Amino acid sequence: MSQTTTVLVTLLLVVGGVSAGVAALPEAGGVGTTGADTVSVMSHTDNDSTNLTVLAYTDIGSAVSGTGGEVGQFLTLVEQRRAAADSAVVVGSGGEVSPHALQTLVSPEWKPPVAALNGIDPAAETVQSSELDYDESEETGNFSILQTVSNTSQFPWLLANVQQNGTGLPGTQNYTVVERGNLTVGIFAVADDDIDSEADGVLSRNGWTVRDSIETAQRVEQRLVGQEDADVVIALTPAGVSSAEKIANATDEVDVVVSGDTDDVQAPQRVGGAVVTQPDSGAGSLAEIELTVADGDVTAAEGELLETDPQAERDEEWANYIDEVRAEYGFDTVLTQTDVPLDSSGPHYDRETAMGNVLATGVLEYTDADVVVTNADGIRGEATYGPNVTAGDVRSTLSFGDSVTLMETNGSMLRRALRSQMATVNSTTIAGPGIGSQVAGVYFEWDPHATANQSAGAVDKGHGRITEMYIDGEPVKPDDEVTIATNSYIAHGGSDYPLESVADSQTLDVKMDEAVIATLRNRSELTALEVDPERQGRMRRVDRRAAVETVDATTDTVRVTLAMPEQTAATTDQFVVRNRTAGRALAESVSFDDDTGTATVVFDRAGWTATTVEGQGIDVYGRYNDTEYSEQIRENSVLSYAVVNADVSAEQAAVETETATPTETATRTVTPTETTTGTPTETGTDESTAPSAEQTTTGAPGFGITVATVALVAAALVARRRV
């Protein structure tokens, strides 16, 4: 989730034109705008207004180790805000027990997060899919570990709509009621249908049913108001803001809805008759909502997200506990250095990232695999690491405790696995386009456009295309034998990967984080050449193709003329030439002739030559404005551009430039320069535009190469020997 600055939402009461006991309130215009709070719950006899402060959090599990978020400072924030309130109720929306960086090390595994939660002292917590991880890993099916977690907690765990024969999961309650001053507060929790699939089917497999969340919410709210005399009703729903808003709109008595379990972050906002919020995960922020209650009705509210201050004093009791555990397991041991910041938050869902490259390459070098594929959802931590990379950083990022699994399969399955996670440009569920995986050992192009005749909703995942794909610079054919290393979760079909059907697989006795740690211990540094997604370009987005009209060379430059797609409105100056691995050169200039529909792209001759490989074609990629796609892309994506690709044949790359004066021999190193024009912008996984130390790079996805060398014929090969 993104880090969000403090937002204040003032919710104003508007009276008039309503029935007795109900406040008519204007709708909020969005996060940070003026709006209104809730309709009433139920009339009571008290006439004096009372203030109640609701403090809410979610998904702190990733911060429990003290890496990638500091629970100690978050505990301090909670206590400060609790002390400042006339009367406060603290609630959590799940994702607290798993995953966390100590999950594979500490016995019992659930103890650190429960210790943190007991320090927060909430009135209630809810069960998210992550809370089911331990029972799934133990394959008990009876949720005995969840029940033990509940018994160890000094607060109740809630979940009202997962049932079996009329009873709920062991260790859970449908709701709880607490007294705060002269107010009665009812709290309940409902999950959405995804809780089962996200827990790999552990519920349905063992006879549990996920009942409709809205119907359950309506039933429980009536019980809380009608039988428990609740003045305020709080719903916890770890299912994302969209689901939370549906509950807010469908219920009459719910005053606050706290969401979780997605990348959403939302400051308190009025939706329907309730205030909906979702704080940052990883102890990043605390939602604070102050309700005014009079005669049993919530009449006004103010809300904001309060960020955790990383410089604040840590809660002493928690600090003493967690520091001892961290020291025992060497969490602060520095493994290596990195030139590139390693972001473990959300970008890996959409595009290649530096963190994804480090993790995937770490597993690649540990095993004898050809390719590593890992899922974006397996990368956690909500932090940016560097220049020091510690064991705790890796464990916080790969915190699920999944084992490394080797699978003997073929090129067709590799293509299916990569395609299965794609989100298209017109995806309705995420900010598409997105690739959804992180890889090593393979370079490929992906087309984020739905194929023809897709049914409604089918464009949201896995309906683009994987086009050109290379291992060791060689095209991957459907029947080619390929050894894939992945994690045990997706090897068994998790996240809808099709790998469960691969018969020849072996789960190793090593966790993903342990494999990466073992690799990084042998590296003094990770350079930008090895890690930066702009240099590597493992996953290259292509929206349309352009034809190569001419390739002309002088002593100093190579000029490529492209027949651009007819939908081209304009080109940018962000073009690059790449080979089949990590070799690339940035364009010195780009011009577009609207009359002829052609783009002229000029490259430095030395950079072009260093990028070419004898007998192989190379690719030109560039950003442009597309009259058909651009509006769609800007509406749905953080990457507000389209990408064009042109295949330059081996003959065009080499023969048409051979009349130029040859460059110097292969032993000479390129002088570090960067000659792109215009202001480089934040880029995705496709083409490089950000400032770099070298004009060209020919590094492959191993960590051993630290310099790029120039040669008339440069072969950039992937290092396949694993540690």
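Numbering of residues starts from 1 in each chain and follows the order in which that chain's sequence is written. At least 70 in pLDDT is required for a residue's local features to be given in this predicted model, at least 80 for side-chain atom pairs to be given and counted, and no such filter applies to totals for whole chains, interfaces and linings, which use all residues. Here the side-chain values reflect all heavy atoms present in the structure, with hydrogen atoms and water set aside.

A few points about the nonpolar core
Counting 48 residues, the largest nonpolar core has Y57, F74, I120, L132, F143, L169 and L203 as the members making the most contacts within it. Secondary structure elements follow DSSP: runs of H or I no shorter than four residues count as helices, runs of E no shorter than two count as strands, and numbering proceeds from the N terminus. Within the residue set of this core, elements represented by two or more residues are β2 (50-57), α1 (71-84), β3 (88-92), α2 (111-120), α4 (144-152), α6 (202-205) and α9 (316-328). Among the elements that line this core, the one with the most residues is α1, at five residues. In this analysis, two residues are considered to be in contact whenever any of their non-hydrogen atoms come within 4.5 Å of each other. Those residues in contact with Y57 that sit more than four places away from it in its chain are F74, V90, V91, G92, S93, E96, L117, I120, P122, E125, P279 and L286. If you look at the next biggest cluster of nonpolar residues, it comprises 34 residues, including M355, V358, Y385 and M512. Residues enter a nonpolar core if they are buried and are Ala, Val, Leu, Ile, Met, Phe, Trp, Tyr or Cys, with the set joined through side-chain atoms within 4.5 Å. Three exposure classes are used, based on accessible area relative to the maximum for each residue type with a 1.4 Å probe and protein chains only: buried under 20%, partly exposed in between, and exposed over 50%.

Considering the pairing of strand β10 (residues 183-189)
Along β10, seven of the seven residues are buried, which leaves the element largely enclosed by surrounding structure. Two elements, strand β9 (residues 175-180) and β10, share six bridges in a ladder whose sense is antiparallel. Its bridge partner lying in β10, R180 is registered against L183. Following DSSP output, two strands are said to pair if at least two bridges run between them. Taken together, β9 and the strand that follows it, β10, pair antiparallel across an intervening segment of two residues, in which G181 is found at a positive phi of about 60 degrees. Two elements, β10 and strand β12 (residues 232-237), share five bridges in a ladder whose sense is parallel. Bridge assignment links I187 to a residue of β12, and that residue is I234.

Quick look at the sheet that holds strand β13 (residues 256-259)
Across the sheet, which stays open at both edges, the six strands sit in the order β9-β10-β12-β13-β15-β14 with mixed pairing between neighbours. Whereas interior strands pair on both sides, the edge strands pair on one side only; in this sheet they are β9 and β14 (266-271). The average angle at which neighbouring strand axes cross in this sheet is 20 degrees, direction not considered. Here β14 pairs with strand β15 (residues 274-278) via four bridges, running antiparallel. Looking across to β15, one finds that Q269 is bridged to V276. In this analysis, axes come from line fits to C-alpha atoms, helices being fitted only over the stretch in contact, and the angle between any two N-to-C directions falls in the range 0 to 180 degrees.

Concerning a negative patch on the surface
Exposure above 30% relative accessible area and the lack of any salt bridge qualify a residue for a patch; like charges then connect within 9 Å, and the nonpolar side chains Val, Leu, Ile, Met, Phe, Trp and Tyr within 5 Å. All accessible areas in this document rest on Shrake-Rupley with a 1.4 Å probe, and a residue is counted as covered only by the protein chains that are shown. Think of a salt bridge as a Lys or Arg side-chain nitrogen and an Asp or Glu carboxyl oxygen that are within 4 Å of each other. Residues counted as positive are Lys and Arg, residues counted as negative are Asp and Glu, and His and the chain ends are not counted. In plain terms, the charge of a residue is placed at NZ if it is Lys, CZ if Arg, CG if Asp and CD if Glu. On the surface, a cluster of negative charge is contributed by D193, D194, E198, D212 and E215. Structurally, E215 is set in helix α7 (residues 213-226). When its relative accessible area of 54% is taken as the criterion, E215 is described as exposed.

Side note on the pattern of salt bridges
For the coordinates displayed, the defined rule picks out 15 salt bridges. For D350, the salt bridge goes to R351, with nearest N and O atoms at 3.7 Å. With respect to burial, D350 and R351 carry one shared label: buried. Here the residues in one salt-bridge network are E70, R314 and D323, joined through shared partners.

A word on the packing of aromatic side chains
Ring pairs (aromatic) are described by centroid distance and by the angle formed between their planes. Two rings belonging to Phe, Tyr or Trp (six-membered ring only in the last case) form a pair when the distance between their centres is within 6.5 Å. Interplanar angles under 30 degrees mark stacking, angles over 60 mark edge-to-face geometry, and anything in between is tilted. Within this structure, the stated rule accounts for five aromatic pairs. With a centroid separation of 5.4 Å and an interplanar angle of 50 degrees, the aromatic rings of W318 and Y321 are classed as tilted. Here the residue W318 and the residue Y321 both occupy positions in helix α9, the gap between them amounting to three residues, near one helical turn. Measuring from centroid to centroid gives 5.5 Å for F603 and W608, while their planes differ by 50 degrees, and the two rings are tilted. Like F603, the residue W608 is buried in the burial classification. Positioned over the ring face of Y641 is R623, at 3.9 Å from the centre of the ring. The criterion for a charge sitting over a ring is simple: Lys NZ or Arg CZ within 6 Å of the ring centre, and within 35 degrees of the ring normal.

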